[in-house]
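Structural overview for review
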Protein chains: 2
Amino acid sequence: MDLATVNALSYEDFVDAFGNVVEKCPLVAAAVWSKRPFATLTALEAALGEFIDALPPSGILRCHPDLAGRDLRDGTLTRESSEEQAAAGMDALGSEEASRMSRLNEEYKARFGFPFVICARMNDKAAVLRQLSERRGNVREVEVTRGIEEVKKICRLRLHTLVLTDAPKL
Amino acid sequence: MDLATVNALSYEDFVDAFGNVVEKCPLVAAAVWSKRPFATLTALEAALGEFIDALPPSGILRCHPDLAGRDLRDGTLTRESSEEQAAAGMDALGSEEASRMSRLNEEYKARFGFPFVICARMNDKAAVLRQLSERRGNVREVEVTRGIEEVKKICRLRLHTLVLTDAPKL
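Quantities reported herein were computed from a predicted structural model and do not represent experimental measurements.

We now examine the UniProt feature "domain: Oxo-4-hydroxy-4-carboxy-5-ureidoimidazoline decarboxylase" (unreviewed entry) in chain A. As recorded in UniProt, the sites labelled "domain: Oxo-4-hydroxy-4-carboxy-5-ureidoimidazoline decarboxylase" (unreviewed entry) are residues 7-159 of chain A. With 65% helix and 0% strand, the stretch residues 7-159 of chain A has end C-alpha atoms that lie 14 Å from each other.

Written out as structure tokens, the structure reads:
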């Protein structure tokens, strides 16, 4: 849809459309609806980002599933997350890769109290495993900040699949 | 489960168990997990209430479905909301009652920009219709406050179906 359509949506249709731009946090879209009209897609993205920053970061991160974890195995991922994890090859790990991913995820969660969050669409399988391995050695504050940066990247890409950009691509 | 079990839950199991004590806001449980251990069920309830108060109220309210609305007709209510709406008879309105409810819901939403929220388990069909009719005449600030009070009542009852109370009932 285009931005004029977005700005004309009722809160119900807005939350239906944008309720999962931040994983399992329809509250974000529900709150940001009050800020319409949005002059540009960038303005909508900024409003979402500002609201994300006002929420407790570890709470937002804990609403995210593990990569190649229980929800993927059980088929209980959100549609968006399912597509993103598939794009990074998380649904087709070899048994050794799957074990390694599982072990690193558990280590990461035990250390930080929230899951490893990364924008899967911007990374392939090797990059995800490498970053997970590296990032689990960070201090907590760094990972909180980094996790939220990744949430915003995920949000941005989800948004761009829903709203036409302001300027036509050349 | 008892409180010792609650306090021993991983964030994942905690969010699985309590993720919908505030409708479609797993963020609330996800954030409050950081505050464990909870000395009493009242302390858990207070932590949830405190976090609810820190969020934009209209955002929380907009995550709630209409009573006897589209989600009920489409079968897309959350399990908790479905049971609560049934308890208040919302799934068995006569055609005239259903029309009236639908009209009042639309008026309420057009006036306030969020849905009419009421703890359905504490009201029967007649009380819901009466309160909806009365409350739609309030000023917005009153309804924001009142709606959040109802969110907390709903939260409390959902919590009490999940956690054993501290003291045995006599």
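Residues and elements named next belong to chain A. Under the domain assignment used here, chain A contains domain 1 (3-60) and domain 2 (65-151). In this structure, domain 1 and domain 2 have C-alpha centres spaced 24 Å apart. Of the roughly 740 Å² buried between domain 1 and domain 2 on both sides combined, carbon and sulfur atoms contribute 66%. Along the contact surface separating domain 1 from domain 2 lie 0 salt bridges. Elements with a minimum of two residues in the side of domain 1 that touches domain 2: helix 4 (41-54) and helix 5 (57-62). It is helix 5 that provides the largest number of residues to the side of domain 1 that touches domain 2, a total of 3 residues. Grouping the amino acids of the side of domain 1 that touches domain 2 by side-chain chemistry returns 4 nonpolar, 2 polar and 3 charged.

Attention now moves to the nonpolar core. One finds F14, F18 and L44 of chain A together with F14, F18 and L44 of chain B to be the most contacted residues of the largest nonpolar core, which totals 106 residues. Apart from the residues within four sequence positions on either side, L44 of chain B is in contact with V6, F14, V32, F38 and L159 of chain B.

What follows is about the interface of chain A and chain B. Contacts between chain A and chain B engage 26 residues on the former and 26 residues on the latter. Taken together, the two surfaces of chain A and chain B that pack against each other cover about 2000 Å², and 62% of this comes from carbon and sulfur. Looking only at chain A, the three residues that lose the most surface to chain B are Y11, L27 and R62 of chain A, adding up to 34% of its buried area. Among the salt bridges present, the one from E12 of chain B reaches K109 of chain A, with a minimum N-O distance of 3.0 Å. Our count for the contact surface shared by chain A and chain B stands at 8 residue pairs in polar contact (both at pLDDT 80 or more).

Another aspect to go through is unusual backbone geometry. All names here are of chain A. Residue P37 follows R36 across a cis peptide bond; omega there is 5°. Relative to the assigned elements, P37 resides in the loop between helix 3 (26-32) and helix 4. Its identity is not glycine, yet K24 carries a phi of approximately 55°, on the positive side. Position of K24 relative to the elements: it lies in the loop between helix 2 (11-18) and helix 3. Here the phi dihedral of A68 falls at roughly 55°; this positive angle occurs in a residue that is not glycine. Secondary-structure assignment places A68 in the loop between helix 5 and helix 6 (70-74). Residue classification places A68 among the buried residues on the basis of a relative accessible area of 16%.

So, about the relation of the copies chain A and chain B. Under the fitted operation, chain A is carried onto chain B by 0.0 Å of movement along the axis and a turn of 180°, and the coordinates agree to an RMSD of 0.0 Å. Expressed as a symmetry operation, the mapping of one chain copy onto the other fits a two-fold axis. Within chain A, C25 of chain A has its C-alpha nearest the rotation axis, a separation of 3.2 Å. In this assembly, 100% of the residues forming the interface of chain A have copies in chain B that are likewise at the interface, indicating an isologous arrangement.

Here we take up the packing of helix 8 (residues 95-112) of chain A against helix 9 (residues 125-135) of chain A. The description of two packed helices rests on the angle between their axes and on the distance between the axes. All names here are of chain A. Where helix 8 meets helix 9, the axes come as close as 10 Å, and the angle between the chain directions of the two elements is 35°. As for the relative orientation of helix 8 and helix 9, their crossing is left-handed in sense. Mapping the contact onto sequence places E97, R100, M101, L104, N105, Y108 and F112 in helix 8 and K125, V128, L129, L132, S133 and R135 in helix 9. Counted by class, the contact of helix 8 with helix 9 contains 7 nonpolar, 2 polar and 4 charged residues.

This part takes up the packing of aromatic side chains. Counted under the stated rule, the structure contains 14 aromatic pairs over all chains. Seen in terms of ring centroids, F14 of chain B and F18 of chain B are 4.9 Å apart; in terms of plane orientation they differ by 50°. Their pairing is tilted. Here F18 of chain B and F14 of chain B lie together in helix 2 (residues 11-18), a separation of 4 residues that amounts to about one turn. Each of the two residues, F14 of chain B as well as F18 of chain B, counts as buried. In textbook terms, an aromatic cluster arises when at least three aromatic residues are bridged by ring pairs, as seen for Y108, F112, F114 and F116 of chain A. Lying across the ring of W33 of chain A, R36 of chain A places its NZ or CZ 3.6 Å from the centre.

With that settled, consider the environment of L48 of chain A. Residues and elements named next belong to chain A. Assignment of secondary structure puts L48 in helix 4. Looking at L48, the relative accessible area reads 1%, which means it is buried. Sequence-wise, L48 and V22 are 26 residues apart; in three dimensions their C-alpha atoms are separated by 8.8 Å. Leave out the neighbours within four places in its chain, and L48 touches V21, V28, V32, C155 and L159.

Turning next to the pattern of salt bridges. Under the defined criterion, the tally for this structure stands at 36 salt bridges over all chains. Residues R156 of chain B and E45 of chain B are paired through a salt bridge, measuring 3.0 Å at the closest nitrogen-oxygen approach. One end of the pair, R156 of chain B, is in helix 10 (residues 140-162); the other, E45 of chain B, is in helix 4 (residues 41-53), with 111 residues separating them in the sequence. A salt bridge links E106 of chain B to K109 of chain B; its shortest N-O distance comes to 3.2 Å. Of this pair, E106 of chain B and K109 of chain B are both found in helix 8 (residues 95-112), 3 residues apart, which corresponds to roughly one turn of the helix. A single salt-bridge network, built from bridges that share partners, covers E12 of chain A together with D66, E106 and K109 of chain B.

Conventions we followed
Residues numbered from 1 in each chain as written. Chains lettered and ligands numbered in written order. Predicted model: local features only at pLDDT ≥ 70, side-chain atom pairs only at ≥ 80, totals over all residues. Heavy atoms only, no water. UniProt positions renumbered as here; feature names shortened; annotations may be inferred. Helix = DSSP H or I, 4+ residues; strand = E, 2+ residues; numbered from the N terminus. Domains from an automatic or database assignment. Buried area = accessible area lost by both parts, 1.4 Å probe. Salt bridge = Lys/Arg side-chain N within 4 Å of Asp/Glu carboxyl O. Nonpolar A, V, L, I, M, F, W, Y, C, P; charged D, E, K, R; others polar. Core = buried A, V, L, I, M, F, W, Y, C linked by side-chain atoms within 4.5 Å. Buried < 20%, exposed > 50% of the residue type's maximum accessible area, 1.4 Å probe, protein only. Contact = heavy atoms within 4.5 Å. Polar contact = N/O pair within 3.5 Å; in protein donor to acceptor, adjacent residues only side chain to side chain. Least-squares fit on C-alpha atoms with pLDDT ≥ 70 in both. Axes fitted to C-alpha atoms, helices over the stretch in contact; angles between N-to-C directions. Left-handed = near helix turned anticlockwise from the far one by under 90°. Phe/Tyr/Trp six-rings, centres within 6.5 Å; stacked < 30°, edge-to-face > 60°. Lys NZ or Arg CZ within 6 Å of the ring centre and 35° of its normal.

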